[in-house]
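Residue-level structure breakdown
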Amino acid sequence: MGQLSANLFHGGVDQLSHATVKVLGGSLLSRLVVVSNRVAMVKQSRPGAEGGLAVAVRAALRQRGGIWFGWSGKTLERDYSQPSVTEVGKITYATVDLTQRDYDEYYKGFANSTLWPLFHYRLDLAEFTQHTWAGYQRVNALFAHRLQPLLKDSDIIWVHDYHFMLFADQLRNAGCKQKIGFFLHIPWPAVPVFTALPMHREIVKALCAYDLLGFQTDEDLLSFQDYIRREADGQVDKDGVIKAFGRTLRTAVFPIGIDTEVFAGMAAESEDSKQVIRLRKSLLGRDLIIGVDRLDYSKGLINRVEAFEHLLTSYPDNRGKVVFLQINPPSRSDVTDYVDIRHELEATAGRVNGTFAEYDWVPIRYLNKSFSRRVLSGFFRSSKVGFVTPLRDGMNLVAKEFVAAQSPKNPGVLVLSRFAGAARELDGALTVNPYDIEGVAERLQEALSMPLKARRERWQSMYSAIARNDVTAWREDFLEQLNRGIQGH
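In this text, all values refer to a predicted model and were calculated from it rather than measured experimentally.

1. A look at the packing of aromatic side chains
A full pass over the atoms with the stated rule returns 32 aromatic pairs. For the ring pair Phe215 and Phe224, a centre distance of 5.3 Å and an interplane angle of 40° mean the geometry is tilted. The class for Phe215 is buried, based on a relative accessible area of 3%. Given a relative accessible area of 0%, Phe224 falls into the buried group. A connected cluster of aromatic rings, assembled from ring pairs, spans Phe69, Tyr106, Phe110, Trp133, Tyr136, Phe143, Phe164 and Phe167. Looking at Arg38, its charged tip hangs above the ring of Trp71, at a distance of 5.1 Å from the centre. The cationic tip of Arg304 hangs over the ring face of Phe387; the distance from NZ or CZ to the ring centre is 5.6 Å.

Written out as structure tokens, the structure is:
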């Protein structure tokens, strides 16, 4: 990959020279620099509005202090802007704008029309073009060279997700020697799937410029290591150390968690909120099944609605007694595949309602809008069943949030896809194959009729797991291994 011109390297150093270096646990910790595609600025007017990566990253930076660097979400017609820098408490936000061309080729193109579908095993939807690949390379180089002047030699850099798999390689080419870790939030596909990507070797070679690669599950890790052995002629040691492409690095599993106690407390407090009271009143004593997902084909939304339809068909006693609330915040509305899934989902839900609804009961409430995490936590707590059935998911924090939100005295039941990373930890869930419509309906019926004692036992097992492996444990485990480096190699 070519180097960008020297004018990308100037500016911004003095603004960040005073960023936090903090003593924790008696040891001096290097400043933390987090890199992600989007940088979510704090919005004081909307507490509890964030989830997923934003919550996890902010928790890390609030604890340790440092820089959060990435795309501003804005596009320009031409020219590249210098990073915009804002300080909020211990966190320094540094953001870069993209040109419309970069947005189309890097974000909308290679990231979301090539990598996302392929990594979620949707080869039929993946597009392979050289111009979007060039855009992905160009933006990884742009971001790396924008970040470089802001770095200190002692920094630890933590890069997130599939948008920046080439990032460390660009920093190394510019002479950066800092420890750099990478965490993949989505699944890593099996070798026969990944090698369908024409530039698979270039991507893995660039990933080997990191010091630590983190994956959500053992399956993801083994798939990557399998590639190293079979396609890169590399070596994989028992402790996860890889030698390939002239580099030595560590690979490991770090299942991402949530801020369990905070979310549980939020759910308990939200029981008295006007939105939650309004929801409960509208149910008129009916059981609530809830699903909350981004509007994405990987979430198995059509299969989910069809499974609920099968529940009403095969177990007619549920008619008039249960409501399925499916919440889908809009996602990537300028990508054709996402527009198509919305239309198909609306049509399917409408067909089910048209078949089963009565004048005083509508079986499916489909909402294509966003709610704050605080409101959602109350909705979860009011639900008899959490319905989380992606066709493929790196982890799925909604599953963990549903568990955290439950009342210990009267918890709901989680119905969870075996293809979500969370299924490895949440052993108290009713695990399903989302492609098996009849099987999912049977599990829904089991969840709706499960006795209180069994629900409590299953919930306690899951809550213990997410309390133990929360976002703090995830963060500290990753950063500790990155800081420790590779011993004996």
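2. A word on the environment of Pro192
One can find Pro192 in helix α5 (residues 191–194). Residue Pro192 is classed as exposed on the basis of its relative accessible area of 58%. When the C-alpha atoms of Pro192 and Ser223 are compared, they prove to be 9.9 Å apart, with 31 residues separating the residues in sequence.

3. Notes on the pairing of strand β4 (residues 66–76)
Of the pairings in the sheet, the one linking strand β3 (residues 32–38) to β4 comprises six bridges and is parallel in character. If you follow Val35 over to β4, its bridge partner there is Phe69. Judged from the eight bridges that link them, β4 and strand β6 (residues 91–99) form a sheet pairing that is parallel. Paired with Trp71 across the bridge in β6 is Val96.

Cut-off values and rules
- Residues numbered from 1 in each chain as written.
- Predicted model: local features only at pLDDT ≥ 70, side-chain atom pairs only at ≥ 80, totals over all residues.
- Heavy atoms only, no water.
- Phe/Tyr/Trp six-rings, centres within 6.5 Å; stacked < 30°, edge-to-face > 60°.
- Buried < 20%, exposed > 50% of the residue type's maximum accessible area, 1.4 Å probe, protein only.
- Lys NZ or Arg CZ within 6 Å of the ring centre and 35° of its normal.
- Helix = DSSP H or I, 4+ residues; strand = E, 2+ residues; numbered from the N terminus.
- Pairing = 2+ DSSP bridges.

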